[in-house]
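Take a look at the letters that make up each chain.
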Amino acid sequence: MDRQFRARGGSRPILTGLSMAARTQDVTDPAEAQKALDLLMQKYPQQQEPLPIPMLTPVVISVLDYAKGFGHADLIAFNENPANASP
C-alpha cells in the first residue's frame, strides 16, 4: 500500500492510501506475458531469472482517507463475473 502523509494544522498527519484484494491467474497469452516481462525488466534490470507473470482481477479496493475521520475507508467492490452483471 502506498501511503501519503500531509500535514494538517501543523503536526498531525493525514493518512491516505489504497488497498486491494484480487484474484490471480497465470497469464497464458505469450505476447501479453512477454510485454509484462519486458516492463518488469526495464524497472528491475538486475533481475536475471524470468518470473511467473500473474494477472490480477480486483475483487475489492479500499480507499483510506483519514481526513474524513480516523479509520475511514470507502470500499469499491467489483463483480467477479461481469458476463452475468445486470445493467
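Parameters at a glance
Residues numbered from 1 in each chain as written. Predicted model: local features only at pLDDT ≥ 70, side-chain atom pairs only at ≥ 80, totals over all residues. Heavy atoms only, no water. Helix = DSSP H or I, 4+ residues; strand = E, 2+ residues; numbered from the N terminus. Contact = heavy atoms within 4.5 Å. Areas by Shrake-Rupley, 256 points an atom, 1.4 Å probe, with all protein chains shown as cover. Phe/Tyr/Trp six-rings, centres within 6.5 Å; stacked < 30°, edge-to-face > 60°. Buried < 20%, exposed > 50% of the residue type's maximum accessible area, 1.4 Å probe, protein only. pLDDT = per-residue confidence, 0-100. Salt bridge = Lys/Arg side-chain N within 4 Å of Asp/Glu carboxyl O. Expected span 1.5 Å × (residues − 1). Polar contact = N/O pair within 3.5 Å; in protein donor to acceptor, adjacent residues only side chain to side chain.

Draft legend 1. View of the overall build of the chain. Per the secondary structure count, the chain includes one helix and four strands. Taken from N to C terminus, the helices and strands of the chain fall in the order β-β-α-β-β. Within the chain, contacts between residues separated by at least 24 positions form 46% of all contacts whose residues are at least 6 apart in sequence. Accessible area for the chain stands at about 7,200 Å²; split by element, carbon and sulfur atoms hold 55% of it.

Draft legend 2. Looking closely at the packing of aromatic side chains. All told, the structure shown has one aromatic pair when counted by the stated rule. Measuring from centroid to centroid gives 5.3 Å for Tyr66 and Phe70, while their planes differ by 65°, and the two rings are edge-to-face. On the basis of relative accessibility, which here comes to 27%, the residue Tyr66 falls in the partly exposed class.

Draft legend 3. Region of interest: the confidence of the model for the chain. Across the chain, the average pLDDT comes to 79, with 76% of residues at or above 70. The least confident element of the chain, judged by mean pLDDT, is strand 1 (residues 3–8) at 49; the most confident is strand 4 (residues 73–77) at 92.

Draft legend 4. Inspection of the pattern of salt bridges at higher detail. For the structure on display, the rule yields one salt bridge. Asp74 is the salt-bridge partner of Lys68, the closest N and O atoms lying 3.4 Å from each other. Looking at Lys68, the relative accessible area reads 54%, which means it is exposed.

Draft legend 5. Quick peek at the side chain of Asp65. On the secondary structure map, Asp65 appears in strand 3 (residues 54–65). Contacts of Asp65, omitting those with residues within four sequence positions, involve Ile14, Leu15, Thr16 and His72.

Draft legend 6. Structural view of the environment of Arg23. Structurally, Arg23 is set in strand 2 (residues 12–26). Judged by its relative accessible area of 49%, Arg23 is partly exposed. Here the alpha-carbon distance between Arg23 and Met55, two residues 32 residues apart in the chain, equals 8.2 Å.

Draft legend 7. Main features of helix 1 (residues 30–43). With 14 residues, helix 1 extends 20 Å from end C-alpha to end C-alpha; this agrees with the ideal 20 Å at 1.5 Å per step. Near the N-terminus of helix 1, the side chain that reaches the backbone nitrogen of Ala31, with its oxygen 3.1 Å away, is that of Asp29.

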